[in-house]
Amino acid sequence: MRMHVTKVGAVFTAVALIAGCGGGSGGSGDDSGSADGTAKVKTESVVSGVMPTDGPAEDGGTLTIQEATDAATLDIQKSAAAAGFSAVVGRVYSKLLDFDTGKDVPYGSTVAVHGDLAESYEHSKDGLTWTFKLRKGVKWQNIAPVNGRLFTSADVVCTINRIQTLPGIQKNLTDVIKTVDAPDDSTVVFNLSIPFGGFDTTLATYFMAIVPCEGTRGEFDMSQQAIGTGPFILKDWKRKQERTYIKNPDYFVKGKPHLDQIRTIIQSDPAATVAAFRTGDLDYTGSQTTISTELVPAIVTTNPDAVVRAQLSLATTQVTFNQAVKPFDDYRVRKAFAMAWDRAGMGETYYPNGFALAGAYPSTMFGAMSSKELTDLVPFDPAAAKKLLADAGYPNGLDVELLTTDGYGPIYLNQAQWVQQDLKDIGVNASLKVQDYATYISTFQAKNYTMTYGISTGASEPDEWLEAVYKSDGPRNWFNSGTPELDKKIAAQRGIIDRDERAKALHELSLYITENVLNPVLSFQGSTLQLQQPYVHNLWNNPQAGPSYFTDVWLDKKAPGRK
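The rules behind the values
- Residues numbered from 1 in each chain as written.
- Predicted model: local features only at pLDDT ≥ 70, side-chain atom pairs only at ≥ 80, totals over all residues.
- Heavy atoms only, no water.
- Helix = DSSP H or I, 4+ residues; strand = E, 2+ residues; numbered from the N terminus.
- Rg over C-alpha atoms; globule rule 2.2 N^0.38 Å.
- Buried < 20%, exposed > 50% of the residue type's maximum accessible area, 1.4 Å probe, protein only.
- Contact = heavy atoms within 4.5 Å.
- Pairing = 2+ DSSP bridges.
- Salt bridge = Lys/Arg side-chain N within 4 Å of Asp/Glu carboxyl O.
- Phe/Tyr/Trp six-rings, centres within 6.5 Å; stacked < 30°, edge-to-face > 60°.
- Axes fitted to C-alpha atoms, helices over the stretch in contact; angles between N-to-C directions.
- Parallel < 35°, antiparallel > 145°, perpendicular 65-115°, else oblique.
- Left-handed = near helix turned anticlockwise from the far one by under 90°.

Draft legend 1. Seen up close, the overall build of the chain. Within the chain one finds 17 helices and 22 strands. Its C-alpha atoms give the chain a radius of gyration of 23 Å, within 12% of the compact-globule value 24 Å for 563 residues. Structurally, the chain occupies a C-alpha span of about 70 × 60 × 40 Å along its principal axes. Looking at the chain as a whole, 59% of its 563 residues are labelled buried. Partitioning the contacts of the chain with sequence separation of at least 6, the portion at a separation of at least 24 is 73%.

In structure tokens form, the structure reads like this:
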């Protein structure tokens, strides 16, 4: 019997216990229930407890939250690590546009956007010119050397120019921008090289936060300090321990934020996180790397009012190959490894509240392959995987090094061991090399590896995945993959304005990537568990690594942070 199969019983016992704990109703999103490996629950559901009322809101208090990994740098234009974006985007930095969130917005929706720093926007009929009218009177946080000056269109130009000239890890998102002009202090005009119907969605992603010109000119160290226009000011940062944010008194949305302070503790140990939550020292954790289903029964037994929410993530774990290193230059080997990996079994074991297998990008996104299509094209079939390896010249298997990190927490190390065991079943001896998070990211980006298991940074628009991950020179293509033909297909879908036609093109692209590239191999979107105290109100989050939703959160008088 394989090592990981023995874990299934414990996990499903936990699920049964959760079902017996009572639980609230509600949750947003579409129910795409299926037994074929597609999402089996809504994109969001309440597993236990009842969601608190939304208002009327009360001001004041400190919200204490947990994150498993700290940011290695705060310079969001030099690092693709989600921990960096989560640390500053939405809290400290604002964007031109932001995604709608709220009780009536399906979790993970990236359809509707609203103005953030932009008051309004429009585009020309040909889709080549996008004009944004900026909010007037917005101030940068009163920290030297920016010193609370007014935000202007020049800051947008500085941000885009830095991304394009560094080049920043968002460069793929700005390649479509031919020029960006600032005809006056409150107007920004983007002139595109091709029509791009998803440009507003692109500007709403957490990758596109606006930074001050002082930062782009090097007048302060953006890797160590963040000065934004957002609802909170980063007051203190104790590396790998905690970050403290205080309310921005000059925030441009009247009456927001409601919280006086957010305290973020960095804690990857699930037992410590659960203990802090049970005693009221922790108000919320949305960390997908910390809370597993097995831990929930103990929590709701001692804290019956705790709110447990299952939310389908846009991020996936992934197995990646360095195609410049043999044997991964051979598609047959990559497909053999993919067919050896029991992704559906892993999903059932670790995410019994729901999961969806992913193809070229998450299956719940626009134009994506369904989980069933993916299963038909790349089934879990160890016997067929062995034959592919033999056809590729490895009838007796092979030895590889599997790079991973302990920075995501023990759940993901267990999953890496699962992959290791699956590969062993087809004759592949994968030796684990475990690194700390910062070292792992730098090693990965330097392409100094053979094979990895880790987490992909989630994205909100298919173009983000395609341009960043699959294009030959994509800023997150750390696999030495990509072909001229694929590059042309990725470029072509950008210019399709008609939504139905673009969906068809994206679907064909997904099929092409699966049948010709298959690198990275994405696992699934798991329903990650969020823990929330019953006194935390109006917390309608999303899977974006830029938590602007904390602007609306408030604490009632029962909260320890209000005392």
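Draft legend 2. Representation of unusual backbone geometry. At the junction of A144 and P145, the peptide bond is cis and its omega measures out at 5 degrees in the coordinates. Inspection of the secondary structure puts P145 in the loop between β6 (129-134) and α3 (153-165). P257 follows K256 through a cis peptide bond whose omega is -10 degrees. Take P257: it is sitting in the loop between β10 (242-247) and β11 (261-266). Phi at N538 is positive, roughly 60 degrees, even though this residue is not glycine.

Draft legend 3. Layout of the sheet that holds strand β18 (residues 451-455). Ordered by their spatial adjacency, 5 strands build an open sheet running β17-β16-β18-β14-β19, and the pairing between neighbours is mixed. A strand with exactly one partner marks an edge of an open sheet, and here the two such strands are β17 (428-435) and β19 (521-522). Inspection of the sheet shows strand β14 (residues 317-321) paired to β18 by 5 bridges, in the antiparallel sense. For Q318, the partnering residue across the bridge sits in β18 and is G454.

Draft legend 4. Fine view of the environment of S86. Summarising the element assignment, S86 is placed in helix α2 (residues 82-88). On the basis of relative accessibility, which here comes to 15%, the residue S86 falls in the buried class. Each C-alpha atom, one on S86 and one on F132, is 26 Å from the other, the two residues being 46 residues apart in sequence. What S86 contacts, discounting residues up to four positions off in sequence, is E67, R91, A545 and P547.

Draft legend 5. Here's a closer look at the pattern of salt bridges. Throughout the structure, instances matching the rule amount to 21 salt bridges. Salt-bridge contacts for D376 lead to K372; the nearest nitrogen and oxygen are separated by 3.3 Å. Linking D376 with K372, this pair stays in helix α11 (residues 371-377), spanning 4 residues, or about one helical turn. A relative accessible area of 43% places K372 in the partly exposed class. Here the salt bridges do not stand alone but share partners, grouping E67, D70, R91 and R243 into one network.

Draft legend 6. Spotlight on the packing of aromatic side chains. By the definition in use, this model includes 26 aromatic pairs. Centroid distance F321 to F337: 5.8 Å. Interplanar angle 80 degrees. Geometry classified as edge-to-face. Of the two residues, F321 is situated in strand β14 and F337 in helix α9 (residues 331-340); the sequence distance between them amounts to 16 residues. As far as burial versus exposure is concerned, F321 and F337 are alike and both buried. Arranged with centres 5.6 Å apart and planes meeting at 75 degrees, the rings of Y408 and Y437 form a pair that is edge-to-face.

Draft legend 7. Quick peek at the pairing of β18. Taking burial as the measure, the 5 residues of β18 include 5 buried ones, the bulk of the element. Across the two faces of β18 the burial is the same, with M451, Y453 and I455 and T452 and G454 all buried.

Draft legend 8. Quick look at the packing of helix α16 (residues 484-494) against helix α17 (residues 499-516). In contact at an axis separation of 10 Å, α16 and α17 are set at 160 degrees when each is read in the N-to-C sense. The angle between α16 and α17 places the two elements in the roughly antiparallel class. The hand of the α16/α17 crossing is left-handed. Together, E485, L486, K489, I490 and Q493 of α16 and R502, A505, L506, L509, Y512 and I513 of α17 make up the contact between the two elements.

Draft legend 9. Main features of the pairing of strand β13 (residues 307-312). A large share of β13 lies buried, amounting to 6 of its 6 residues. Both faces of β13 are covered, namely the face carrying V307, R309 and Q311 and the face carrying V308, A310 and L312. Summarising the sheet, strand β1 (residues 44-48) and β13 pair through 4 bridges and their orientation is antiparallel. Opposite V46, over in β13, you have R309 as the bridge partner. Examined bridge by bridge, β13 and strand β20 (residues 524-532) share 6 bridges and lie antiparallel to one another. Among the inter-strand pairings, A310 is bridged to a residue of β20, identified as L529.

Draft legend 10. Representation of the environment of V176 within the structure. With respect to the helices and strands, the residue V176 is situated in the loop between α4 (171-174) and β7 (177-184). The class of V176 is buried, set by a relative accessible area of 1%. Separated by 319 residues in the primary sequence, V176 and G495 place their C-alpha atoms 9.8 Å from one another. Apart from the residues within four sequence positions on either side, V176 is in contact with N191, L192, S193, I194, F196, F199 and R494.

Remember that the coordinates give geometry; whether it matters functionally is a separate question.
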